[in-house]
Amino acid sequence: MNRPVRDDATLSRLLAGIASGDEQALKSLYDLTAPKLYGLILRIQRDRSAAEDVLQDVFVRVWQAAGSYDPASGRPLAWLCAIARNRAIDVVRRKGEVQGPVTEDGEDWVERLADPHDSEGAILGRDALKACLGRLEAAQRDCVVLAYCEGYSREELASRYDKPVNTIKTWLHRGLATLRGCLETAA
Amino acid sequence: MSADPNERDLRAAEYVLGTLSASERAALDLERAVDPATEAAVRAWERRLSPLDDTIQSVEPPERVWQKILRALPGRSASAPANDNRIEALSRQIRLWRGAALTAGALAASLALVVALGRFGAPPVTPADTRYVAVVSRGGEVPAFLVSVDLAAGTAQVRPVGAETPAGHSLELWYVEGGTPKTLGVIGASARKVALPADAKAAQPGAGLFAVSVEPPGGSPTGKPTGPVIYSGTLIKD
């Protein structure tokens, strides 16, 4: 978090510049967000060379799709993270790749849901998510968080918990439905 | 793919979570591109879960990545990128397929499907309300296919115009209504007549959508799209 100018207004302005073909704006956006996105991609695609390819693809995509970014649909960094996550997941699912062991469990991720350098709205969203994740059964919460943050597939979760894939799917669905209900109440 | 909103929402949630299989992801990519409710469900889940992104630690990428990006930028500053959500969704899928035989340029030049109603056959055409055309195009290029719908016969004629089939694959035509794609079969190099689903509401502009996906030779083995959607178009009044 040593990049203080990575605020929504700056990122939105850069995306608008990229949409009009400004290569310098793409470079500025890259400088501000590539470490974050690379970190995100590496959690899912742990092979560094493959992760570099995904990062490259993400920015080529941003170059082509910046015009479709709609500030009303979410914050610019969240839009970029969604692109990076989707690309990383697409690559590992297409390869049917099984990732190496992870060093953290779901609790660690939930605990880290605190970052003082952010707007009030973002903190509210984070607090709500943290509170609602806290209401899930531990196994359901860990499945949701490990899938999102570490790119676990249903099969990898099944292996981790020594449960059938269908059980994992049920856990995920129950966890997600509870989460949705809780967040809607919080909103 | 049922139309059950709860089932759809859980699929959207698992898509964002990343736990769908490759083929389920491809099917949802298609659904997103053609069904605003699915796209909205995906966006809502992205919003709900995005605070978890804040927990991710930054890692400085090697400097060579930026150089590779510069070399990979299509067109560089030559033209403004597409400015449309559907084009964005489709071109995302196209890029997934970039490793295949097609170049991005070839696709960009023919990202269009024209759907026309009442354009062929002997029956007289009532000009006012039976002609529809849909074009999805990156900028006025030659369309990829012309799909002519004959409502009386319940058929559509598919005529390749500027379409290119990736080597070692087949292109499959889908009719999508209510978020559920139904296959109209594999399309080849020559014009073909296909039967529309019996309950198709293709006559109503905006009711249904035609989409073309890249599939293994002979078509999708699952009955649902498994590869990227590279062309799509809806009926609109001509």
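You'll find the structure just up there.
Throughout what follows, the structure given in this document is the object of discussion.

Reading the values: rules and limits
- Residues numbered from 1 in each chain as written.
- Chains lettered and ligands numbered in written order.
- Predicted model: local features only at pLDDT ≥ 70, side-chain atom pairs only at ≥ 80, totals over all residues.
- Helix = DSSP H or I, 4+ residues; strand = E, 2+ residues; numbered from the N terminus.
- Buried ≥ 20, exposed ≤ 12 C-beta atoms within 10 Å, placed from the backbone.
- Contact = placed C-beta atoms within 7 Å.
- Pairing = 2+ DSSP bridges.
- Core = buried A, V, L, I, M, F, W, Y, C linked by C-beta atoms within 7 Å.
- Nonpolar A, V, L, I, M, F, W, Y, C, P; charged D, E, K, R; others polar.
- Axes fitted to C-alpha atoms, helices over the stretch in contact; angles between N-to-C directions.
- Parallel < 35°, antiparallel > 145°, perpendicular 65-115°, else oblique.
- Left-handed = near helix turned anticlockwise from the far one by under 90°.

**Regarding the overall build of chain B**
Link 1 in the chain: Counting secondary structure elements, chain B contains six helices and nine strands.
Link 2 in the chain: Expressed as a percentage of its 238 residues, the buried residues of chain B come to 46%.
Link 3 in the chain: Within chain B, counting contacts between residues at least 6 apart in sequence, those at least 24 apart form 67% of the total.

**A word on the pairing of strand 5 (residues 170-177) of chain B**
In the case of a regular strand, side chains alternate between the two sheet surfaces.
Residue and element names in this part refer to chain B.
Link 1 in the chain: Among the eight residues in strand 5, six count as buried, and that is most of the element.
Link 2 in the chain: As defined by bridge partners, strand 5 adjoins strand 8 (residues 209-215) across seven bridges and the pair is classed as antiparallel. Residue pairing in the sheet places Leu171 in a bridge with Val214 of strand 8.
Link 3 in the chain: Summarising the sheet, strand 5 and strand 6 (residues 180-187) pair through seven bridges and their orientation is antiparallel. Each bridged residue has a counterpart across the sheet, and for Val176 the counterpart in strand 6 is Pro181.

**Quick look at the nonpolar core**
Link 1 in the chain: One finds Cys143, Val144, Ala147 and Tyr148 of chain A together with Val16, Ala211 and Val212 of chain B to be the most contacted residues of the largest nonpolar core, which totals 57 residues.
Link 2 in the chain: Here this core gets seven residues from one element, more than from any other, and that element is helix 7 (residues 138-150) of chain A.
Link 3 in the chain: Those residues in contact with Tyr148 of chain A that sit more than four places away from it in its chain are Leu17, Gly18, Leu49 and Leu52 of chain B.
Link 4 in the chain: Counting residues in hydrophobic clusters, the runner-up holds 40 residues, among them Ala34, Leu42, Ala65 and Ile83 of chain A.

**What to know about the interface of chain A and chain B**
Link 1 in the chain: Across the contact, 57 residues belong to chain A and 47 residues belong to chain B.
Link 2 in the chain: Taken together, the residues that form the side of chain A that touches chain B break down as 30 nonpolar, 13 polar and 14 charged.

**Quick word on unusual backbone geometry**
Peptide bonds are, in most cases, trans, and in most cases residues other than glycine have a negative phi.
Link 1 in the chain: Unusually for a residue other than glycine, Asp162 of chain A sits at a positive phi of about 55°.
Link 2 in the chain: Position of Asp162 of chain A among the secondary structure elements: in the loop between helix 8 (154-161) and helix 9 (165-186).

**Things to note about the pairing of strand 4 (residues 155-160) of chain B**
All names here are of chain B.
Link 1 in the chain: What you see with strand 4 is a clean split: Ala156, Val158 and Pro160 sit on the buried side and Thr155, Gln157 and Arg159 on the side with no burial.
Link 2 in the chain: Note that strand 4 and strand 7 (residues 192-195) share four bridges and pair antiparallel. Its bridge partner lying in strand 7, Val158 is registered against Arg192.

**Here we look at the packing of helix 1 (residues 5-17) of chain B against helix 3 (residues 36-49) of chain B**
All names here are of chain B.
Link 1 in the chain: Two elements in contact, helix 1 and helix 3, have axes separated by 8 Å at closest approach and are oriented at 50°. In terms of axis orientation, helix 1 runs oblique to helix 3. The chirality of how helix 1 crosses helix 3 is right-handed. Contacts from Arg8, Asp9, Ala12, Ala13, Tyr15 and Val16 of helix 1 reach helix 3 at Thr38, Ala41, Val42, Trp45, Glu46 and Leu49.
Link 2 in the chain: Of the residues contributing to the contact of helix 1 with helix 3, the split by class is eight nonpolar, one polar and three charged.

**Describing the packing of helix 7 of chain A against helix 9 of chain A**
All names here are of chain A.
Link 1 in the chain: It is at 9 Å that the axes of helix 7 and helix 9 come closest, and there the two elements cross at 90°. Our classification of the angle between helix 7 and helix 9 gives roughly perpendicular. Along the contact surface, helix 7 presents Ala139, Gln140, Arg141, Cys143 and Val144, while helix 9 presents Ile168, Trp171, Leu172, Arg174, Gly175, Leu176 and Leu179.
Link 2 in the chain: Each residue belonging to the contact of helix 7 with helix 9 can be placed in one class, and the counts come to eight nonpolar, two polar and two charged.

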